Amino acid sequence: MVNPVVCFLATCLLAAQADAPASDVPATVRKLVRQLDAPEKARRDEAEQKLLEVGSAALDALPAPTDASAEVQLRLGRVRVRLETLRGEEEVRSREVTIAGKALPLPEVIAAIDKQTGNKLLDYRGQFGQQAAAKTLDLELEKTPFWSALDQILDQAGMTIYQYSGEPGLSLVNRSGGEVPRYNRGVYAGAFRIEATDITARRDLRDANGQALKLQLDVAWEPRLVPIAITQAGDAITAIGDTGGTLAAAPNTELESTVNPGEASVQVPLTFSLPPRAMTKIASLKGNLDVILPGPIETFRFEKLKAGAKAEERRAGVKVILDQVRQNNLVWEVRVRVAFDNPGKALESHRTWVLHNEAYLETAAKDKINSAGLETTRQSENEVGVAYLFDVEEITDHTFVYKTPAVLLDVAVPYELHDIALP
């Protein structure tokens, strides 16, 4: 017998795909790229503008500018940077979930969310020794933002998120008996979920200056995203109590939380002056998170390696330079530099995200050889150098493959929390 729930979910997904209009984007892009080399400047300007109007869908159809004229390379570079930025901005918008039905099995709901949003969910109950009992859900979700949909699903299933699994995606476990419902416990700001999780008042009876109210925020993001760092400036916080008074945030501070690989959220601590006892809650807390995000990933390929090889390639706002290939005792060393046009604060010395960029050798048979080690050789405000070691006898005719975001995005995420009870 065919499972009607599975059929329902599959129908939803097929219908969503059928709604997508047929696209002739590749043909349009090819035509406009040829026009970038037109004799008349007006036609070249027109082609560049029309490529931008195609939007981020044009990115996958843009050619590498290697054999193009200098004029085409310049214009393609400008177009790619702007479209990469546009795609990155689109990425921080919330993905939507549409699922409706009665007695929907939890595994099928998880699969539908993954398919519709690109956000991976893992049933982690087995790893905790929890009984992975079959759960069914009654849902009426129509174009519901991801975090709102997930919180409603987890509340109905009696589950929550385990933050420290270290695996890509969100790990789901049974919640403890005392945990309050997740839905609307925080606020949803695009692809981010922000929640006040802990608040403490401290009064030092020996020191008049040793008084403070400390509030901790949990900032989570849709797991398809990989933030580099999240910062909250003290000057960008406004907190108003239920009595109408304002809580003074610590001035001239920048509270940064670096995101480590495998993390599903970070903690952002806020500090205020101690409020008067008549104030019982923070009626409104407004802030603005500064989030550094990697843009879409570009792949760089340096083929037919040999000792002494040097080369460089550019994509949009990043250039990868192959500085040196040499034999180092029993291993081969490949030295590269990655230079960004506008890195902002993403390459500050304490950030090591670049070292997690994928880099490997590829044989003529397309076999992948991961590096046996690496070390940083250079770090400046816009450039990082890395030496990769490969345990191979011979490197000739291998291809070095390096993957990195083409642009680094600095995204503002405004939020407002309400009715935070004071201790």
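The coordinates are above.
These remarks concern the structure in this document.

**Some words on the packing of aromatic side chains**
Inspection of every chain in the model, using the stated rule, returns eleven aromatic pairs. Geometrically, the ring pair formed by F340 and W353 is tilted, given 6.1 Å between the ring centres and 50 degrees between the ring planes. Taken together, the residues F340 in strand β18 (residues 331-340) and W353 in the loop between β18 and β19 (359-362) connect sequence positions 13 residues apart. Comparing F340 with W353 shows no difference in burial state: the two are buried. Grouped by ring-pair contacts, the aromatic residues F302, Y388, F390, F400 and Y402 constitute a single cluster.

**Looking at the sheet that holds strand β20 (residues 368-370)**
Here we have four strands laid out as an open sheet, ordered β15-β23-β19-β20, and antiparallel in their pairing. Each of the sheet's edge strands pairs with one partner strand only, and the pair in question is β15 (297-302) and β20. For this sheet the average axis-to-axis angle between neighbouring strands, irrespective of direction, equals 30 degrees. With six bridges joining them, β15 and strand β23 (residues 399-405) adopt antiparallel strand pairing.

**Overview of the sheet that holds strand β5 (residues 170-174)**
Pairing is mixed across the open sheet formed by three strands, whose spatial order is β2-β5-β4. For this open sheet the edge positions go to β2 (121-123) and β4 (159-162), each flanked by a neighbour on one side alone. For this sheet, the mean angle separating the axes of adjacent strands, direction not counted, is 40 degrees. Pairing of β4 with β5, which is carried by four bridges, proceeds in the antiparallel orientation. Paired with T160 across the strands is V173, a residue of β5. In the packing of helix α6 (residues 146-157) onto the sheet, contacts are made with β2, β4 and β5, and the angle to β4 comes to roughly 120 degrees.

**A word on helix α2 (residues 25-35)**
Among the residues of α2, those classed as buried are V25, V29, L32, V33 and Q35. What you see down the axis of α2 is that its buried residues fit within an arc of 155 degrees, all on one side. Exposed residues pointing more than 90 degrees away from the buried face of α2 are listed as K31 and R34. In this structure, the buried side of α2 is in contact with α3 (41-54) and α4 (70-91).

**So, the pattern of salt bridges**
Within this structure, the stated rule accounts for 35 salt bridges. With its nearest N and O atoms 2.4 Å apart, the salt bridge here joins R335 to E333. Classification of R335 as partly exposed rests on a relative accessible area of 24%. Assessed through its relative accessible area of 2%, E333 is described here as buried. Ionic pairing is found between E383 and R337, a salt bridge with its closest N-O pair at 3.1 Å. Note that E383 is positioned in strand β22 (residues 383-390) and R337 in strand β18, a separation of 46 residues in sequence. You can call E383 buried: its relative accessible area is 9%.

About the cut-offs
Residues numbered from 1 in each chain as written. Predicted model: local features only at pLDDT ≥ 70, side-chain atom pairs only at ≥ 80, totals over all residues. Heavy atoms only, no water. Phe/Tyr/Trp six-rings, centres within 6.5 Å; stacked < 30°, edge-to-face > 60°. Helix = DSSP H or I, 4+ residues; strand = E, 2+ residues; numbered from the N terminus. Buried < 20%, exposed > 50% of the residue type's maximum accessible area, 1.4 Å probe, protein only. Pairing = 2+ DSSP bridges. Axes fitted to C-alpha atoms, helices over the stretch in contact; angles between N-to-C directions. Contact = heavy atoms within 4.5 Å. Arc of directions from axis to C-beta. Salt bridge = Lys/Arg side-chain N within 4 Å of Asp/Glu carboxyl O.

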